[in-house]
Amino acid sequence: MSEGTEWRLHVDPTRCIGSGICAGVAPRHFVLVDGLSRPVAELIAADESVLDAAESCPLEAIVVSDLDNLRRIAPEG
């Protein structure tokens, strides 16, 4: 992860079941609103905790992409 790298966060509301794992793993980046996860901000500086949150999501509702090339970073397929 290089300094200055930006990521885009997306939570698919049709997949999210509101387990809250993401908010527990990366509380600066995810909150639960009406029982579903939402990113605090869509664009963030690269942060390893967000990758952990995406990989921990039981329904893979969180997608983390590189802002420069839109390459999907997590969850790994």
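Just above, that's the structure.
A quick note: this is a predicted structure, and the numbers were derived from the prediction, not measured.

When the charged atoms of two side chains lie near each other, side chains of opposite charge can form a pair. Applying the stated criterion to the full structure yields two salt bridges. In this structure, Arg-28 engages Asp-47 in a salt bridge whose closest nitrogen and oxygen atoms are separated by 2.7 Å. Remark: Asp-47 occurs in the loop between strand E4 (43-45) and helix H2 (48-56) and Arg-28 occurs in the loop between helix H1 (21-25) and strand E2 (30-33); sequence separation between them is 19 residues. Among the residues examined, Arg-28 registers a relative accessible area of 63% and is labelled exposed. For Asp-47, a relative accessible area of 14% translates into the label buried.

Here the focus is the sheet that holds strand E5 (residues 62-66). The four strands lie next to each other as E4-E1-E5-E6, forming an open sheet whose pairing is antiparallel. Of all strands in the sheet, those with a lone pairing partner are E4 and strand E6 (72-74), marking the two edges. On average, each strand axis in the sheet is inclined to that of its neighbour by 40°, with strand direction left out of account. When E5 meets E6, the two strands line up antiparallel, connected through two bridges. Counterpart to Ser-65 in the pairing with E6 is Arg-72. Contacts from H2 reach strand E1 (6-11), E4, E5 and E6 within the one sheet, and its direction differs from that of E5 by about 140°.

Rules and cut-offs
- All chains use their own residue numbering, which begins from 1 and follows the written sequence.
- Restriction of local features to residues with pLDDT of at least 70 applies here, the model being predicted, together with a cutoff of 80 or more for giving and counting side-chain atom pairs; totals for whole chains, interfaces and linings are based on all residues.
- Working from all heavy atoms in the structure, the side-chain values ignore hydrogens and water.
- The term salt bridge refers to a pairing of a side-chain nitrogen on Lys or Arg with a carboxyl oxygen on Asp or Glu at a separation within 4 Å.
- Helical segments are the DSSP runs of H or I of at least four residues, strand segments are the runs of E of at least two, and each set is numbered from the N terminus.
- A simple rule labels every residue: compare its accessible area, found with a 1.4 Å probe on the protein chains alone, to the largest value its type can have, and call it buried under 20%, exposed over 50%, or partly exposed in between.
- A pair of strands counts as paired when DSSP detects no fewer than two bridges linking them.
- Angles here are taken between N-to-C directions and fall from 0 to 180 degrees, while the axes themselves are lines fitted to C-alpha atoms, restricted in helices to the stretch in contact.
- Contacts are assigned to residue pairs with any non-hydrogen atoms lying within 4.5 Å of each other.

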